[in-house]
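Structure assessment
Listed here are the chains, written in short residue letters.
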Amino acid sequence: MKYDICIVGSGAGGSPIAYELSNAGYSVVVLEKGKNYTEKEFSKDELGVSRRDMFTPPLKEQKHIINEYSQSGEFTRYDGAESGWNFWNGSMVGGSSNLMSGYFHRMKPRDFKLRSSYGKIRGANVVDWAINYEELEPYYEKVERVVGVSGSVVKHKFAEPRSTKSFPYPALQTNGVTKWFDKACLELGFVSIPTPRAVLSQSANKRDACYYSNFCGSYGCASGAKGSARAALLQQCSAEVITDAFVYKLDSKDSKVTGAHYYDENLRSHTISASIFVLSAQAIESSRLLLNSKNKEFPNGLANSSGEVGKNLIFSAGGSGSGRFVFDKLTQTQQTELMQTGLFFNRSLQDWYDYDDGCRKYKGGTIDFLFEHQNIISRVNKELYDEDGNIMWGDKLAKKIEKSLKTSRVLTFEVFNDWLPTDNCNVSVDDKQTDKYGVPVGVINLSSHPHDLEVGEYLAKKAVEVLEEMGAVEIDYSISASPPPNLVAGGCRFGNDATNSVLDKNCKAHDLDNLYVSDASFMPTGGSVPYTWTIYANSFRVADIIKGRLSK
Amino acid sequence: MISLNKRRTFLKVGFFSSAIVFTNGCDILGVEKLSDTIKVVQNDLFPKAKELHINISKYMNIIFQHSRVDETDKEFIKNGIKWLNEEAVKMFEVPYTKLSKSKRQEVLEGIAKYRWGENWIDNMMRYIFEAMLGDPLYSGNNEEAGWKWLGFKGGNPRPKELYL
């Protein structure tokens, strides 16, 4: 059988296309490496989910090689199976969107024009996007309705223009401590923004509302409230999903992709034919598949006549920090408010999305505030060492744990700023190491630009001001150059010039007539927000483009 | 195939009840059952667990059989027991389990000064906390005693089957 559309990868990048095209009557097949889970199978099993990594592949079977570059250009090589360092985020139907926290921010108009708005930065390959905010706005709005975004719109200096007045779903319920936060921001002259969430506050679209389980990020959602690609899209359409299907090669002939080869769980090979192929295996794996699909016509990798496949891999720069609220400093009412579990914190700051340090204008970013994850084992593990860094055990440790967990609570923050694209940050494939399928593993070359750390520091200090104003103690933060594996983009830049980009502005490969890449690979820069909303929105945009093409 | 599986299960269980031979480099200083020393040392490291009737041994059996715990990690637990006993013999001339409570603490303080010892205690503590605070389905957290100790309620829905 020849399908109209074959999609490789079932996450946020591919599912909007599966949803839109199957609803429009086209035959769609989605190939997913992982298994399918339904709401009924998502439990809050910390041992399985967080301690034993049940949603990602065993590293002895599938790994990456990681080369970490220093500023002087030397690198240290890490074998993922030996070091445990990995970039897997969720091999399952719906991908890592099942496990996201769903902190949803739109990119802002200036994010689409980073190069022309802020000028050249030495050592960074910054370019403007091939589309502007206005072209993506209708799709951000569509995601709000179809995937489901809850929140309330607040006016602030950097608020992005909206085509609708408010979010389709009211903001989720919040913990009493958010009032302390709002008050502190008022004192400091900062604008407290209720963080929009891809979590339904009311039942809708055949999905149940959030039940405030207290275990959102890292866990699958048992009510379907979280806007995963699976719950919001794949379970709501007739697209065929083949699980345990690892796509190892795409064939091409005369500038057309002709087939996708995959291995099933028994390592038997199958081939899918389709009129249009969409690649959305998450940034690193999409580049890896193209590089592993070289043929006579494309000796350097499929769609790679420019040599740009795998280049300019980006992450989200920034880091995280925290402060602790202790009972000693609180009234009884405040203590009760602090320990109330289940409800969200959901507050963000974007006052410094753009700032001036007196010398020049900087692109800043976003700070999200949230309570420390409720995972009890990991919270207790954090108590293992005393103030001098000595390991503890016995009754002394038991008392420390009891005091810390029962009479205090940690509020954390995460800083998101641009990870500038550089020459040494990219994906290639290893010439010796293979995975359990016998396919060359991806090599991730990591390098960060010092500018990223400077901006991250600036933002973290602002977050610290808020925590201080709120009366937190043990305030600490870490801005680092280590990349968050769940916030990855780039590798197949889109652009108007086929000599220095992989995809055109429609996310179709310049080199091939029927290949689209619709995960975060297309992004030349990432904005200073988590990527998922933008990935969804862009995929809905590409879906419209493909629909238009097929209807002709 | 069935008998092979049984044999395999036996071997895996055997890891936990296997004998540990410790030496001073030349001579054999003693032989201890892995599970015996683990039981004693885990109680020394966190007596609260025993107080709450947490079944750490049963949980450790799961760890020794777990597909997602590396063999090197399992070996490290075993080697640590061997080295702990060697340290006990070095300090007091008898294996760890034969020492008084206070002397066992002295041995623990002794090994905590070594890099391996600190790492090993760190690992053991993490397994103890997993047993105490994981879902009761995993057989350690007896009637949610670990959770109740810290006023923790556990997330819903709870797992229906073990992830091994």
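Each helix and strand counted, chain A has 13 helices and 20 strands in total. Relative to the globule expectation of 24 Å for 552 residues, the C-alpha radius of gyration of chain A, 23 Å, shows essentially globular dimensions. Taking all 552 residues of chain A together, 53% fall into the buried category. Within chain A, contacts between residues at least 6 apart in sequence are counted, and of these 72% link residues at least 24 apart.

Counting its regular elements, chain B contains 8 helices and 2 strands. The secondary structure elements of chain B, listed N-terminal to C-terminal, are α-β-β-α-α-α-α-α-α-α. Across the 164 residues of chain B, 34% fall into the buried class. Considering only residue pairs separated by 6 or more positions, chain B has 59% of its internal contacts joining residues 24 or more positions apart.

Each partner contributes residues to the interface: chain B has 29 residues there, and chain A has 28 residues. At the level of elements, α3 (47–51) and α7 (115–133) of chain B are the ones that each hand at least two residues to the side of chain B that touches chain A. Across the side of chain B that touches chain A, the residue classes tally to 15 nonpolar, 5 polar and 9 charged.

Next up on the list: the pairing of strand β17 (residues 440–446) of chain A. All names here are of chain A. Most of β17 is tucked away: 6 of the 7 residues are buried. Across 4 bridges, the pairing between strand β3 (residues 65–69) and β17 is parallel. Bridging from a neighbouring strand, Asn 67 pairs with Asn 445 of β17. In the sheet, strand β16 (residues 426–434) pairs with β17 via 5 bridges, with the strands oriented antiparallel. Considered in β17, the bridge of Val 427 is made with Ile 444. Hairpin geometry of β16 and β17 is characterised by an intervening segment of 5 residues between the two adjacent antiparallel strands and by a positive phi of about 80 degrees at Gly 438.

Strand direction decides the pairing type here: strand β1 (residues 19–23) of chain B and strand β2 (residues 28–33) of chain B, joined by 5 bridges, are antiparallel. Following the sheet pairing, Thr 23 of chain B is matched in β2 of chain B by Ile 28 of chain B.

In terms of nonpolar packing, the biggest core is built from 152 residues, with Ile 5, Cys 6, Ala 18, Val 28, Leu 31, Val 143 and Phe 277 of chain A touching the most fellow members. Broken down by element, this core gets its largest block of residues, 8 residues, from helix α13 (residues 532–550) of chain A. Within the second largest apolar cluster, 40 residues are counted, among which are Leu 397 and Ile 401 of chain A together with Tyr 59 and Leu 108 of chain B.

A word on the environment of Arg 347 of chain A. All names here are of chain A. Inspection of the secondary structure assignment puts Arg 347 in strand β11 (residues 347–349). In this structure Arg 347 comes out as buried when scored by C-beta crowding, with 23 C-beta atoms within 10 Å. On a C-alpha basis, the gap between Arg 347 and Thr 195 in space is 5.0 Å, while along the polypeptide they are 152 residues apart.

Residues and elements named next belong to chain A. Pairing in this open sheet of 4 strands is mixed, and the strands run β4-β3-β17-β16 from one edge to the other. Sheet topology places β4 (75–79) and β16 at the edges, where each strand pairs with a single neighbour. Between one strand axis and the next, the sheet turns through 25 degrees on average, direction left out of account. The sheet contact formed by β3 and β4 spans 5 bridges and is antiparallel. From the neighbouring strand, Glu 68 faces β4, where its bridge partner is Thr 76. Packing of helix α8 (residues 283–292) onto the sheet brings it into contact with β16 and β17, and relative to β16 it is tilted by some 60 degrees.

Residues and elements named next belong to chain B. Cis geometry marks the peptide bond from Asn 156 to Pro 157; its omega dihedral reads 0 degrees. Looking at where Pro 157 falls in the secondary structure, it is placed in the segment after α8 (145–149). Not every positive phi belongs to a glycine, and His 53 is a case in point at roughly 55 degrees.

This part takes up the packing of helix α5 (residues 133–148) of chain A against α13 of chain A. Residues and elements named next belong to chain A. One way to put it is that α5 packs onto α13 with a least axis distance of 8 Å and a crossing angle of 105 degrees. With respect to α13, the axis of α5 lies roughly perpendicular. Residues Leu 136, Tyr 139, Tyr 140, Lys 142, Val 143 and Val 147 of α5 pack against Trp 533, Tyr 536, Ala 537, Asn 538, Phe 540 and Arg 541 of α13. The residue makeup of the contact of α5 with α13, split by class, is 9 nonpolar, 1 polar and 2 charged.

So, about the environment of Thr 333 of chain A. Residue and element names in this part refer to chain A. Locating Thr 333 in the fold gives a position in helix α9 (residues 332–339). Given 9 C-beta atoms within a 10 Å radius, Thr 333 is considered exposed. Considered as a pair, Thr 333 and Lys 206 are 127 residues apart in the sequence and their alpha carbons are 39 Å apart.

Looking now at the packing of helix α5 (residues 71–92) of chain B against helix α6 (residues 101–111) of chain B. Residues and elements named next belong to chain B. One can describe the packing of α5 onto α6 by two numbers: an axis separation of 10 Å at closest approach and a directional angle of 115 degrees. It follows that α5 is roughly perpendicular to α6 by the angle criterion. In this structure, the crossing between α5 and α6 has a hand that is right-handed. Residues Leu 84, Glu 87, Ala 88, Met 91 and Phe 92 of α5 form the contact with α6, whose own contacting residues are Lys 103, Glu 106, Val 107, Gly 110 and Ile 111. Grouping the amino acids of the contact of α5 with α6 by side-chain chemistry returns 6 nonpolar, 1 polar and 3 charged.

This part covers the confidence of the model for chain B. Residue and element names in this part refer to chain B. Taken as a whole, chain B shows an average pLDDT of 88; of its residues, 90% reach a score of 70 or greater. Scored below 50 in pLDDT, residues 1–13 makes 3 contacts in the model with residues more than four places away or belonging to other chains. Predicted as a complex, the structure gets a pTM of 0.96 and an ipTM equal to 0.94.

Relative to the helices and strands, Asp 328 of chain A resides in the loop between β10 (311–326) and α9. Along the sequence, Asp 328 of chain A and Ser 408 of chain A sit 80 residues apart, while their C-alpha atoms lie 8.9 Å from each other.

What counts and what doesn't
Residues numbered from 1 in each chain as written. Chains lettered and ligands numbered in written order. Predicted model: local features only at pLDDT ≥ 70, side-chain atom pairs only at ≥ 80, totals over all residues. Helix = DSSP H or I, 4+ residues; strand = E, 2+ residues; numbered from the N terminus. Rg over C-alpha atoms; globule rule 2.2 N^0.38 Å. Buried ≥ 20, exposed ≤ 12 C-beta atoms within 10 Å, placed from the backbone. Contact = placed C-beta atoms within 7 Å. Nonpolar A, V, L, I, M, F, W, Y, C, P; charged D, E, K, R; others polar. Pairing = 2+ DSSP bridges. Core = buried A, V, L, I, M, F, W, Y, C linked by C-beta atoms within 7 Å. Axes fitted to C-alpha atoms, helices over the stretch in contact; angles between N-to-C directions. Parallel < 35°, antiparallel > 145°, perpendicular 65-115°, else oblique. Left-handed = near helix turned anticlockwise from the far one by under 90°. pLDDT = per-residue confidence, 0-100.

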